[in-house]
Each structure stands twice: as structure tokens, then as C-alpha cells.
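# Structural description and commentary
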Amino acid sequence: MRIAVTGSIATDHLMTFPGRFADQLVADQLHTVSLSFLVDALDVRRGGVAANISFGMGQLGTDPILVGAAGSDFHEYRAWLDRHGVDTASVRISETLHTARFVCTTDADHNQIGSFYTGAMSEARLIELKTVADRVDGLDLVLIGADDPEAMLRHTEECRSREIPFAADFSQQIARMEGEEIRTLLDGATYLFSNEYEKGLIESKTGWSDAEILSRVGHRVTTLGSRGVRIESVGKDPIEVGVPEEEAKVEPTGVGDAFRAGFLSGLAWGVSHERAAQVGCMLATLVIETVGTQEYELRRSNFMERFTKAYGHAAAAEVQTHLA
């Protein structure tokens, strides 16, 4: 199964604030916020939703195709992804702009405040999926992740016109999108990914109920934080999958991307949605235990040992067949 992952490619600047954001906010002054946080640590890491998801899929051996735009400073990042099983040949390189940058501060309660500079990402709208599909002899699924909004719309329309199944995943871009844009991006998707907060925001902005949205997509996948994930399909009982036990909770950035990487890898293997979600939750657990979105190491014996403990021997035996 050939899966293309479209979306942002970025450098993450991750900082840690030892206090709580909530303690610095004055309820009746939120209209004129002016705050500066003295942080304890700074880590500069590779990131971007499409690159993070592709990295995780590469770790699981499912040969993802990364589709996005980066700057001329991308050469070291490209070499890293190539070494970890990612096809980067469809990344567009800007002649004038730097690779996008995400700056994020996390407080003691794991709340986050972030800013995103688009940079070369604005040129993702110039990428044609037909060119990608022709190069790899066809695409079975395209994940349309957070990206330049025009690129997301173009990729969605092209998937519809060429009858390529697609997964809608607005992520950080949902805050700037209007209802009509969201309706256009999700209608007809094979999968709709969001977290629990984004789920409510999608319903609020589109004016569509939970049931109506579900009727317009094949499957709705909602991550629930520490409670795991819920998968809904029309006419079927929801599937809920819990998360494995964490060894430590270090840094939440990239956890959602890792879940998607595991889930999409499960689809590529042809396993059930429940099994795919279990793989996603296991991979997400590795990420929350590590600073940085692509700094975790997937050691297969350790992965399978923890997977077995969380989901049982029958589930592990099925996954082991593909992971090996």
C-alpha cells in the first residue's frame, strides 16, 4: 500500500517553562495579554507534521512518501529522513524561503503555547499529486495534514478528481479555517483525524453534528489524550483503544503525529482498525517519553515487549509478523 503524507516540514524550537501558564493569566485582562516566560531549556529539533508522521512510518518500515515544501536549508534534514526510510523525492525546495519553523513553550502541567512561521511551506500549493503518483506508480491513500491552506484545498480537490482515497487531518490549521473550508476538506474523506478539542471545534465551525460529519466520512478517528483513541464508523460500534503504560512523561509535542504514523502503518499492513490504533498508541508512548518529535528509537524487541504487555499476545503476534 502506497501512502503519501502531505503537510508541514519544519524545525521545532522547544522550550520548557517551570511554572504554570494558568498562574500568569488574569481573567479580566485576557483582552490585553503581555507576557514573557523565562524558560529553563531550549531544544532545537526536526519537526513538521508530515515529516514527523513520515519518520514514524519509516521506523515501522512502511516506506512513506513525504510531500511538502522546504527551503534550501533542508539538505541535512533530507539526509536524516532518507536514512530512516522516508521517500523525500517529492519534497519541493524553495529558492527563496527558509524551511518552516515551530516555536513552542511547555509548562509544568504540559500545557503549550506555540507559534508557527510558514516560510517555504507556502509553496506547497504548487505541488501536483499526479506527479507524485506517476513517480511511484500510483497512490492508495493520501494523508492531507496541516499545511499551507491553499495546498490542503488543492490536494483535497485533486484527490477527489483523481479518485484517490484521502485522510483529512487539519491539526494546527483548524484555528484559522472557516466553516466552509473545513466542510470542503472533510467531505468524502476516508478518514478524519482530530483530537477531542478539535472534534468539537470542527462541529462548531461547520454547523454539522457529530452524526452528520460521520455520515460524510468513512471513519472518524479521535485521539483522547491519556484515555487513548476512539474510532467511529457508520453502522458499527465505536472502537476504543487505551494507551500503554508510560515509563515517563517527558514532552508531549509530536505525540499525535506518532499515533498517526502507527495507525497509517497498520493500514499499510492491512490489519484491523483496532490493531492499527494499538500500534499508533504504542508509538505515541515512545514519543511522549522523549524530548523531540523524531528523537525516539524504535527497538523492535522492546516495542513488542511493551506492546504485548498492553494489548496481549494475540495482538502482538499479528503485529510482529509485519514489524519483523
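Described below are features of the structure shown in this document. (Residues numbered from 1 in each chain as written. Predicted model: local features only at pLDDT ≥ 70, side-chain atom pairs only at ≥ 80, totals over all residues. Heavy atoms only, no water.)

### Some points on the sheet that holds strand S7 (residues 100-106)
Taken in spatial order, the four strands line up as S3-S2-S7-S8 in an open sheet, and their pairing is mixed. The strands lining the two open edges of the sheet, one partner per strand, are strand S3 (41-47) and strand S8 (112-117). Pairs of neighbouring strands in the sheet enclose a mean axial angle of 15 degrees, with direction left out of account. Here six bridges tie S7 to S8, and the two strands are oriented antiparallel to one another. The residue of S8 that forms the bridge with Thr-105 is Ile-113. (Pairing = 2+ DSSP bridges. Helix = DSSP H or I, 4+ residues; strand = E, 2+ residues; numbered from the N terminus. Axes fitted to C-alpha atoms, helices over the stretch in contact; angles between N-to-C directions.)

### With respect to the nonpolar core
In summary, soluble globular proteins display a tendency toward joint burial of nonpolar side chains. Judged by nonpolar contacts, the single largest core of 53 residues is most densely connected at Leu-81, Phe-259, Phe-263, Leu-283, Phe-303 and Phe-307. Leaving out residues up to four positions away in the same chain, Phe-303 has contacts with Val-279, Met-282, Leu-283, Leu-286, Leu-298 and Leu-323. Within the second largest apolar cluster, 32 residues are counted, among which are Val-142, Ile-174, Trp-208 and Leu-214. (Core = buried A, V, L, I, M, F, W, Y, C linked by side-chain atoms within 4.5 Å. Buried < 20%, exposed > 50% of the residue type's maximum accessible area, 1.4 Å probe, protein only. Contact = heavy atoms within 4.5 Å.)

### Re the packing of helix H5 (residues 179-186) against helix H6 (residues 196-206)
Where H5 meets H6, the axes come as close as 8 Å, and the angle between the chain directions of the two elements is 115 degrees. Between H5 and H6, the crossing angle belongs to the class labelled roughly perpendicular. Relative to H6, the crossing made by H5 is left-handed. For the pair H5 and H6, the contacting residues are Gly-179, Ile-182, Arg-183 and Leu-186 in the first and Ile-202, Lys-205 and Thr-206 in the second. Residues belonging to the contact of H5 with H6 are distributed by class as follows: three nonpolar, two polar and two charged. (Parallel < 35°, antiparallel > 145°, perpendicular 65-115°, else oblique. Left-handed = near helix turned anticlockwise from the far one by under 90°. Nonpolar A, V, L, I, M, F, W, Y, C, P; charged D, E, K, R; others polar.)

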